Structure formats: structure tokens, C-alpha cells
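Summary of the model geometry
Spelled out from the first residue to the last, the chains are:
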Amino acid sequence: MDPELRQLLNKLESLADDLGVFLPKTVSIDWEDTFAAKWRHHDTYSTFHPIKNLETYDLDDLLEIDRHKTSLINNTELFCRGLPAHNALLWGARGTGKSSLIHAILQKFGDRGLRLVEVEKNYLTEIGVLAEILGALPYKFIIFCDDLSFDAFDFSYKDLKSALEGSVITATTNILLYVTSNRRHLITELQRDNETSGAEDMHEAEAIEEKISLSDRFGLWLAFHPFDQEQYLRVVSHWIRKLAQSYDLEADINAETRKQALQWALNRGVRSGRTAAHFAQYWIGNRLLEQPE
């Protein structure tokens, strides 16, 4: 071989090795036995990390959100059958069951090939890389981002918007994006976004439209609201009875118990499923402490 050509090839190989350090790398995962993994970013690459103890819930334990359960189950059913399904945005008050519902969906459809990949907000820009890696696998993948939101001056939402519109995602039939957020439009809106004046009206309107357009890329919206008093107390009763049964206790849910449960929620500022479960654990714990050792 010509010495100059050999020298050029050596330089190209060296350059390829240097660039390879910055390319995403993957850990070999047995998706047959691994139902969930995190996509984690390291200094120079990203890779999968299996989630060994994923917190899961039975759908029957998620009360007072029947409409939400039906909608997401139907959407996931379509997805698992290879039929058209939507990316989903679950938004609303904290502790109302958004993340728990997605985990319960995974538990329901896991034996039908559904898998979950959890991605942090900062690395959603790598969704195209994920699509290329996962697109060739014989499973259905939910890419899950929990508690997604963008500050008013965080323009990285444009990268996610572009990814949702891009051909890589739309052409990959075994990937959906399920996102939870406390905000319906995902992006903080400043007060001045709603204040327009004079010749700036058109530009301000365009800025607002640009900010809220990201959530429009999700075909399915599910709104989660705080429970009213009766809904909250029904969930409290459910969890007390469930926990009492596991510890072989009597579930004496009387007026005093309900009063304590309402005070518990008042102190935390929200009536939600999470608040109800936490109170039930507190209540059962006290009953157990009263028993002799």
C-alpha cells in the first residue's frame, strides 16, 4: 500500500477512536427479563441502566381516576397491538396518581412485550438516539419522563418539540412518549406574556403560542385534579383496609379517624392519593405500636 495512503488511513482510524469516546454507548440488556431501565448520561456517553426494583401499583389500588385509567389503558392497548396510538401528557396536582398510573400500565402490559425507559428532562434531546436503538427490538417501549417542566427562559423545550415532530419518532412504531407534569403547557408563563401593548401585540402573541405549542404535540391529555373531601376519605379507607389486612388488624375507621385524615391533608396542602396512602401508613403504624411485643 502506498505509504501516504497508509498514513492517511492511520490518521482516520485515530480520529474515529477519538470521536468514539463521545458517541452514545449502550449496556447489553436482556429485555426479556428487564421491564424497565433508565437512560443515564455519563461524562462522554449515555447508556441503559436496568431498574431492578421498580415501584409498581395494581390498577385497582388507583381510585377516583377511573376515566384516566380507561383512557391510558385503551391507548396502550392500541399501541401493543401495533395500531395508531398517541403520545400522552398526564398533568395536574402533585400526588394524584400520574406516575403511579404509568407504572401500573407497565405492570398490566409487561407480559405482552411492553417495556419502559425512563429519561430525565435534560436528555430528552437524545430521544432520536433511543429511537434508533430501540426501534429494531421486538418490544414496545414507553419512553417516560416524570415531572417535566421548563422554566420561562429554558429554550431546550424546542429540542423536544423538534424531536416529537421529527421523522425518526413518527416512523418508529414501537415507541411512545408518556410524560407527567404539574403544568398543562409544560412551560412557565410569565405575567408579562399575557400583557401586550401597541405594535408588540403580534410578537407577544407569537411568543405565547410558541410556548404552549409543545403540549399540543401530545395527542392524549389527561388532567389530574386534587380530590374533594369525600373522594379523599374513600381513598384513605381503601388504604387503611388494605394495610390492616396485611398486618391482620381490624380497620376501625370512625369519625375520629376521618377527622385525623382531613387534618393530615390540611397540613400537607393537598388531598391526593399519595396523601391518603401516607396517612394510612401513619395510622396503621400507630395501631401496631399499641400492640404488645
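It should be noted that the structure appears before, not after, this text.
A brief look at the structure comes next.

Thresholds applied
- Residues numbered from 1 in each chain as written.
- Predicted model: local features only at pLDDT ≥ 70, side-chain atom pairs only at ≥ 80, totals over all residues.
- Heavy atoms only, no water.
- 1 Å grid on protein atoms, 1.4 Å probe; cavity = no way out; pocket = protein on both sides within 12 Å on 5 of 7 lines; lining within 4 Å.
- Points joined across faces, edges and corners; volume = space filled by probe spheres on them.
- Helix = DSSP H or I, 4+ residues; strand = E, 2+ residues; numbered from the N terminus.
- Salt bridge = Lys/Arg side-chain N within 4 Å of Asp/Glu carboxyl O.
- Buried < 20%, exposed > 50% of the residue type's maximum accessible area, 1.4 Å probe, protein only.
- Nonpolar A, V, L, I, M, F, W, Y, C, P; charged D, E, K, R; others polar.
- Axes fitted to C-alpha atoms, helices over the stretch in contact; angles between N-to-C directions.
- Parallel < 35°, antiparallel > 145°, perpendicular 65-115°, else oblique.
- Left-handed = near helix turned anticlockwise from the far one by under 90°.
- Contact = heavy atoms within 4.5 Å.
- Expected span 1.5 Å × (residues − 1).
- Polar contact = N/O pair within 3.5 Å; in protein donor to acceptor, adjacent residues only side chain to side chain.

If you add up the space inside the largest pocket, you get close to 630 Å³. Every residue lining the largest pocket is counted, 29 residues in all, and those nearest its centre are Y57, G95, G97, S100 and R274. Where the lining of the largest pocket is concerned, the elements lending two or more residues are α3 (98-109), α8 (229-246) and α10 (273-290). It is α10 that contributes the most residues to the lining of the largest pocket, 5 residues altogether.

The next point concerns the pattern of salt bridges. Here the structure, examined in full by the defined rule, presents 6 salt bridges. Among the salt bridges present, the one from K69 reaches D66, with a minimum N-O distance of 3.7 Å. Within this pair, K69 and its partner D66 are both found in helix α2 (residues 66-80), separated by 3 residues, close to a single helical turn. Residue E77 is joined to R81 by a salt bridge in which the shortest nitrogen-to-oxygen separation is 2.7 Å. Judged by its relative accessible area of 19%, E77 is buried. Through salt bridges with shared partners, one network takes in E77, R81 and R112.

A water-sized probe rolled over the atoms picks out the places where empty space is left. Scanning all chains against the criterion turns up 1 cavity of 30 Å³ or more. Approximately 30 Å³ is the volume found for the largest cavity. If you list the elements that add at least two residues to the lining of the largest cavity, you get α3 and β4 (114-119). Its residues assigned to classes, the lining of the largest cavity shows 7 nonpolar, no polar and 1 charged.

Our next topic: the packing of α2 against α3. With their axes 11 Å apart at the nearest point, α2 and α3 run at an angle of 45° to one another. Between α2 and α3, the crossing angle belongs to the class labelled oblique. Handedness of the crossing formed by α2 with α3: right-handed. Between α2 and α3, the contacting residues are H68, K69, L72, I73, T76, E77 and C80 on the first element and L101, I102, I105, K108 and F109 on the second. Of the residues contributing to the contact of α2 with α3, the split by class is 7 nonpolar, 2 polar and 3 charged.

Below, the discussion takes up the side chain of S100. Checked against the element boundaries, S100 lands in helix α3. Looking at S100, the relative accessible area reads 17%, which means it is buried. In contact with S100, not counting residues within four places along its chain, are Y57 and L62.

All right, on to α8 then. Residues that lie three or four places apart on an α-helix share one face, since the helix turns once every 3.6 residues. Helix length check: α8 (18 residues) gives 26 Å between terminal C-alpha atoms against 26 Å at 1.5 Å per residue, within 8%. The complete set of buried residues in α8 reads Q231, Y232, L233, V235, V236, S237, W239, I240, L243 and A244. Close packing links the buried residues of α8 with α9 (255-268) and α10. For α8, the capping residue at the N-terminal end is D228, with a side-chain oxygen 3.2 Å from the backbone nitrogen of E230. Looking at the residues trailing α8, positive phi occurs at D248, about 60°.

Take unusual backbone geometry next. Residues other than glycine seldom take positive phi values, yet E64 does so here, at roughly 65°. Secondary-structure assignment places E64 in the loop between β2 (46-50) and α2. Among the residues examined, E64 registers a relative accessible area of 26% and is labelled partly exposed. Positive phi, normally seen in glycine, also occurs at D248, with a value near 60°. With respect to the helices and strands, the residue D248 is situated in the loop between α8 and α9. The class of D248 is exposed, set by a relative accessible area of 72%.

For K69, a relative accessible area of 11% corresponds to the buried category. A polar side-chain atom of K69 sits 2.9 Å from the main-chain carbonyl oxygen of L62. Each residue touching K69, except ones within four places of it in the same chain, is listed here: L59, L62 and L101.

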